[in-house]
Amino acid sequence: MRLRLLIAAVCFLLAGLPLKAQQRQVSKDEVVEITSNLVCQCGCGNKTVSVCGCGTADQVTKEVEKMLREGKTKDEIFAKYVNAEGVAVLATPPKRGFNLAAWLLPFSGILVAAIFLFAKARNWQRSTEKKEAALEKELSRQQESPSKDPYLERLNKELEKID
């Protein structure tokens with residue numbers, strides 16, 4: 001009886017081996033999708049693994065293909081490389097924390113500066129209009145009544161003495 005159980009267990013284990021040995025088919029598009037989001041760490045200019053033609057890129061591509069065949073997900077593959085190399089290995093940083101702030105702050109700064117400049121220009125235009133209105137009012141007042149400027153009157157008297 002024990003021998004039969006042992007034989008059955010061995011057959012069961014051997015029957016399961018081919019299932020593990022079978023690997024899922026991986027398309028080139030799946031590999032390119034992942035490698036186009038990983039930066040090659042060979043130092044040849046911040047190229048993605050899918051574009052870089054060096055040996056490091058080829059090795060990473062083979063590793064990604066192997067992990068996909070083993071059934072790992074895209075997130076698991078990215079997590080492996082981030083744990084090994086850091087966030088710099090990702091072509092697009094994750095949209096959270098400091099990375100999100102680093103992307104949003106320049107645009108928000110430009111927006112705030114544009115609003116500030118618009119408000120300043122509008123304020124400048126209004127003050128210019130006020131000054132022009134005050135100048136026109138002063139000119140119209142001077143044209144309506146002759147000048148009672150004491151200096152001008154004294155100048156006119158002195159000029160009359162000279163003639």
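1. Some remarks on the overall build of the chain
Looking only at helices and strands, the chain features six helices and zero strands. Walking the chain from its N terminus toward its C terminus, one meets helices and strands in the order α-α-α-α-α-α. Buried residues in the chain amount to 13% of all 163 residues. Relative to all contacts within the chain whose residues are 6 or more apart in sequence, the contacts with residues 24 or more apart total 45%. Summed over all atoms, the accessible surface of the chain reaches about 13,800 Å², with 60% contributed by carbon and sulfur.

2. Thoughts on the environment of proline 93
By secondary structure assignment, the location of proline 93 is in the loop between helix H4 (74–85) and helix H5 (97–144). Filtering out sequence-adjacent residues up to four positions away, proline 93 remains in contact with Asn99 and Trp103.

3. A look at the nonpolar core
Ile34, Leu38, Val64, Leu68, Ile77 and Tyr81 are the most contacted members of the largest nonpolar core, which totals 18 residues. Of all elements in the fold, only helix H2 (28–35), helix H3 (55–69) and H4 reach the threshold of two or more residues within this core. Residue contributions to this core peak at five residues, all from H3. Excluding its chain neighbours within four sequence positions, the residues that come into contact with tyrosine 81 are Leu38, Val60, Glu63, Val64, Met67, Gly86 and Val89.

4. Some words on the environment of glutamate 65
By the element assignment, glutamate 65 lies in helix H3. The class of glutamate 65 is partly exposed, set by a relative accessible area of 25%. C-alpha separation for the pair glutamate 65 and glutamate 30, spaced 35 residues apart in sequence, amounts to 8.5 Å.

5. Points about the packing of aromatic side chains
Evaluated as defined, the whole model comprises zero aromatic pairs. Here lysine 80 stacks its cationic end above the ring of tyrosine 81, 4.4 Å away from the centre of that ring.

6. A short note on helix H6 (residues 150–162)
Compared with an ideal rise of 1.5 Å per residue, which puts 13 residues at 18 Å, H6 spans 19 Å between its outermost C-alpha atoms and is within 8% of the ideal. With zero of its 13 residues buried, H6 lies for the most part at the surface.

7. Some details on the side chain of threonine 35
For threonine 35, the position within the fold is in helix H2. Take threonine 35: its relative accessible area is 2%, and that puts it in the buried class. When neighbours within four sequence positions are excluded, threonine 35 is seen to be in contact with Thr48, Val49, Ser50, Thr61 and Val64.

8. Notes on the confidence of the model for the chain
On average, residues of the chain score 81 in pLDDT, and 85% of them are at 70 or above. Within the chain, helix H1 (residues 2–21) has the poorest average pLDDT of any element, 62, and H5 the best, 89.

9. Comments concerning the packing of H3 against H4
The N-to-C vectors of H3 and H4 enclose an angle of 135 degrees; their axes lie 10 Å apart at closest approach. Looking at the two axes, H3 sits oblique to H4. The two elements H3 and H4 cross, and the hand of that crossing is right-handed. Contacts from Val60, Glu63, Val64, Met67 and Leu68 in H3 reach Ile77, Lys80 and Tyr81 in H4. Looking at the contact of H3 with H4 residue by residue, the class counts come to six nonpolar, no polar and two charged.

Analysis parameters
Residues numbered from 1 in each chain as written. Predicted model: local features only at pLDDT ≥ 70, side-chain atom pairs only at ≥ 80, totals over all residues. Heavy atoms only, no water. Helix = DSSP H or I, 4+ residues; strand = E, 2+ residues; numbered from the N terminus. Buried < 20%, exposed > 50% of the residue type's maximum accessible area, 1.4 Å probe, protein only. Contact = heavy atoms within 4.5 Å. Areas by Shrake-Rupley, 256 points an atom, 1.4 Å probe, with all protein chains shown as cover. Core = buried A, V, L, I, M, F, W, Y, C linked by side-chain atoms within 4.5 Å. Phe/Tyr/Trp six-rings, centres within 6.5 Å; stacked < 30°, edge-to-face > 60°. Lys NZ or Arg CZ within 6 Å of the ring centre and 35° of its normal. Expected span 1.5 Å × (residues − 1). pLDDT = per-residue confidence, 0-100. Axes fitted to C-alpha atoms, helices over the stretch in contact; angles between N-to-C directions. Parallel < 35°, antiparallel > 145°, perpendicular 65-115°, else oblique. Left-handed = near helix turned anticlockwise from the far one by under 90°. Nonpolar A, V, L, I, M, F, W, Y, C, P; charged D, E, K, R; others polar.

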